[in-house]
Amino acid sequence: MKILVCISHVPDTTSKINFTDGDTKFDTNGVQFVINPNDEFGLTRAMWFKEKQGATVHVVNVGGPETEPTLRKALAIGADEAIRINTAATDGFSVAKQLANVAKEGGYDLVIGGRESIDYNGGMVPGMVAKLIGANFVNTCIHLEVDGDKATAIREIDGGKETLKTSLPLVIGGQKGLVEESDLRIPNMRGIMQARTKPLNVKEPVDANTETSTVSFEKPAPKGAVKLVDSVDELINLLHNEAKAI
Amino acid sequence: MILVYTESEEGKLKKIALEAVSYAKGIADQMGTSVTAVAINANDTSELGKYGASKVLEVSDDKLNKFNGEAYADVIGQAAKSEGAKVIVLTSSANSKFLAPTLAVNLEAGFVPNVVELPSSTSPFKVKHSVFTNKAFANTEITTDIKIVGIGKNSYGLKENETSATTEAFTANLDAHDFDMEVVSVDKATDTVTIADAEIVVSGGRGLKGPENWGMIEELAGILGAATACSKPVSDMGWRPHSEHVGQTGKPVASNLYIAIGISGAIQHLAGINASKVKVVINNDPEAPFFKAADYGMVGDAFEIVPELNKKLKEFKAQNA
């Protein structure tokens, strides 16, 4: 089985979010970048397929040279090969087109993406890749097993979960549950050393149009100070009469 | 024409469907056009006119009793084409988010999710949506001929707009590829309120010291008709199921009221619950970061406050019933 894991290079979850250039660009100053958490759960599940079922695992990212440390980290975790598509990730559709091209050319059986990236929260790339390459698609996937060309997936639905049977080629939008938090791997020294010599292929982009264009960013209006209350009666009163929440 | 997909569950329209119609009517008024709703296997669509739909396309097909992203996207896409829709309104439900990218590719339509208000302009078509997990907003232009927007939960609300709606049966052409996926089983709690649908969410953190202390949290949720949730460490330690974990890598919460008990308020947690309207924190540490994010706060021991709150809320509910 050939697996392609799509990796988004995102600001660490603790990052302070600021914008520059007249609020048109994300301010990367002082920001630590990581593998998108939803993608990391998928990558770790891919490692399980590699170790238990002999799968080969490639990782791919759409972005400039500054995203390579994130791909190297994926290699240090255990991916066999990395691909960087050398163009800025602009909108969801154009990124999906780049990834679909790699997925098609490489003949992957399983493409793993994250439910959403924690920066732009678009949540559309895996579903678009699936449609563009004519593969089946499972979103918010929390468990996946593959047997030959058959797959069983569990997806999270509002208020529960659903078990699905489908077949390869398959694309998933993964999240926590594919593996547990405690299964995530911190690269060890050996992994880091090996990652330096594993292939990281830079591929030039194919033509892809965009469908959306972000004009500006803004931050939420500053919040008023918390109202501290001393008694339960006062809290109930405020929630009922002032906030009208109960 | 604005097309809105009105979701139902077991034949009953969901509240988010009515919010979606309200929003679609808002765009229709901006653009001087009307709203058509498409409902799949809903028993009674008469309510849709009340929120502004002029036409309801009713799809009845036993093969669509269980959600199927590919097939549902085909139904909505074909309805959009037959109606000549320029804008399609979806919600932020798990099913809307599942089918949206497929629909977008089918119609070569640009898609923006998590939209928080009506478009600031319809030509060019510009919408404001939340990004960086509620830490910021982006203003994004959709440049394609057909536009798809997914509205954030609780961001627009229900707006009544009495319209006389006509109803038509609609049949989509579906083929075998639409059913390459088979739903084997659905495991859904029917007796509890889900985090996605809840108006009120009651959430517990590490400050509760152990899973055996959740009785008072469940009681509070029961009194308020709320869903229960928890912080990431609580789910990581196995005190509560993963499905209750809310925050950046867990479930997002956009309820009317969010009550955090014994949760310090890590930045990832706050990001995930930030879209809630009213936030209450109960914590014994006055320095807990949650106090900076909350609207109302009580400093003190949860093991004293929560039982008293439950008792007084029961009295309050009895008086206001």
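Residues numbered from 1 in each chain as written. Chains lettered and ligands numbered in written order. Predicted model: local features only at pLDDT ≥ 70, side-chain atom pairs only at ≥ 80, totals over all residues.

1. What to know about the overall build of chain B
Okay, so step 1: Assigned secondary structure in chain B consists of 8 helices and 18 strands.
Okay, so step 2: Relative to the globule expectation of 20 Å for 321 residues, the C-alpha radius of gyration of chain B, 21 Å, shows essentially globular dimensions.
Okay, so step 3: Referenced to the eigenvectors of the C-alpha coordinate spread, the extents of chain B come out at roughly 60 × 40 × 40 Å.
Okay, so step 4: A buried classification covers 56% of the 321 residues belonging to chain B.
Okay, so step 5: The contacts of chain B with a sequence gap of at least 6 include a subset with a gap of at least 24, amounting to 64%. (Helix = DSSP H or I, 4+ residues; strand = E, 2+ residues; numbered from the N terminus. Rg over C-alpha atoms; globule rule 2.2 N^0.38 Å. Buried ≥ 20, exposed ≤ 12 C-beta atoms within 10 Å, placed from the backbone. Contact = placed C-beta atoms within 7 Å.)

2. A look at the pairing of strand β15 (residues 227-230) of chain B
Regular strands place side chains that alternate from one sheet face to the opposite one.
Residues and elements named next belong to chain B.
Okay, so step 1: With burial as the criterion, each face of β15 is covered, one bearing A227 and A229 and the other bearing T228 and C230.
Okay, so step 2: Summarising the sheet, strand β14 (residues 200-204) and β15 pair through 4 bridges and their orientation is parallel. From the neighbouring strand, V201 faces β15, where its bridge partner is A227.
Okay, so step 3: Following the backbone out of β14, through helix α4 (residues 215-224) and into the adjacent parallel β15, one traces a crossover that is right-handed. (Pairing = 2+ DSSP bridges. Right-handed = clockwise from strand over helix to strand, strands pointing away.)

3. Structural notes on the interface of chain A and chain B
For an interface, size is often stated in terms of accessible area lost upon the parts coming together.
Okay, so step 1: Of the residues lining the interface, 57 residues belong to chain A; the matching set on chain B comes to 67 residues.
Okay, so step 2: Those elements that place two or more of their residues in the side of chain A that touches chain B are α4 (125-133), β9 (136-147), β10 (150-157), β11 (160-167), β14 (212-218), β15 (227-228) and α6 (232-242) of chain A.
Okay, so step 3: Broken down by element, the residue count for the side of chain A that touches chain B peaks at 8 residues, all from β11(A).
Okay, so step 4: The residue makeup of the side of chain A that touches chain B, split by class, is 23 nonpolar, 19 polar and 15 charged.
Okay, so step 5: Across 6 bridges, β14(A) lies against strand β10 (residues 136-142) of chain B in antiparallel orientation. In the strand pairing of β10(B), T212(A) is matched with I142(B). (Nonpolar A, V, L, I, M, F, W, Y, C, P; charged D, E, K, R; others polar.)

4. Notes on the domain arrangement of chain B
Residues and elements named next belong to chain B.
Okay, so step 1: Here chain B is partitioned into domain 1 (2-179) and domain 2 (200-320).
Okay, so step 2: Computed over C-alpha atoms, the centres of domain 1 and domain 2 are 32 Å apart.
Okay, so step 3: On the domain 2 side, the residues contacting the 7 residues of domain 1 number 8 residues. (Domains from an automatic or database assignment.)

5. Some thoughts on the sheet that holds β9(A)
Okay, so step 1: Ordered in space as β13(A)-β7(A)-β6(A)-β1(A)-β8(A)-β12(A)-β9(A)-β10(A)-β11(A)-β13(B), the 10 strands form an open sheet in which the pairing is mixed. Each having just a single partner strand, β13 (200-203) of chain A together with β13 (182-188) of chain B make up the two edges of the open sheet. Between one strand and the next, the sheet's axes are offset by a mean angle of 25°, whatever the strand orientation.
Okay, so step 2: Alignment of β9(A) against strand β12 (residues 170-174) of chain A, held across 4 bridges, turns out to be parallel. In the sheet register, N136(A) faces β12(A), and the bridge partner there is L170(A). (Axes fitted to C-alpha atoms, helices over the stretch in contact; angles between N-to-C directions.)

6. A look at the nonpolar core
Okay, so step 1: Counting residues in hydrophobic clusters, the biggest one holds 122 residues, and the most contacted among them are V5(A), L99(A), V21(B), I88(B) and V89(B).
Okay, so step 2: Among residues more than four places away in sequence, those in contact with V89(B) are I2(B), V4(B), A20(B), Y23(B), A24(B), V149(B) and I151(B).
Okay, so step 3: A245(A), I200(B), Y258(B) and A288(B) belong to the second largest nonpolar core, which has 51 residues in total. (Core = buried A, V, L, I, M, F, W, Y, C linked by C-beta atoms within 7 Å.)

7. Some remarks on the sheet that holds strand β16 (residues 257-261) of chain B
Okay, so step 1: Strand order in the open sheet formed by 6 strands is β15(A)-β18(B)-β17(B)-β16(B)-β14(B)-β15(B), with parallel pairing between adjacent strands. Every interior strand has two partners, whereas the edge strands, β15 of chain A together with β15 of chain B, have only one.
Okay, so step 2: Sheet topology note: the β15(A)/strand β18 (residues 296-299) of chain B ladder contains 2 bridges and is parallel. Bridge pairing links K227(A) to Y296(B) in β18(B).
Okay, so step 3: Packed onto the sheet, α4(B) meets β14, β15 and β16 of chain B and runs at close to 175° relative to β14(B).

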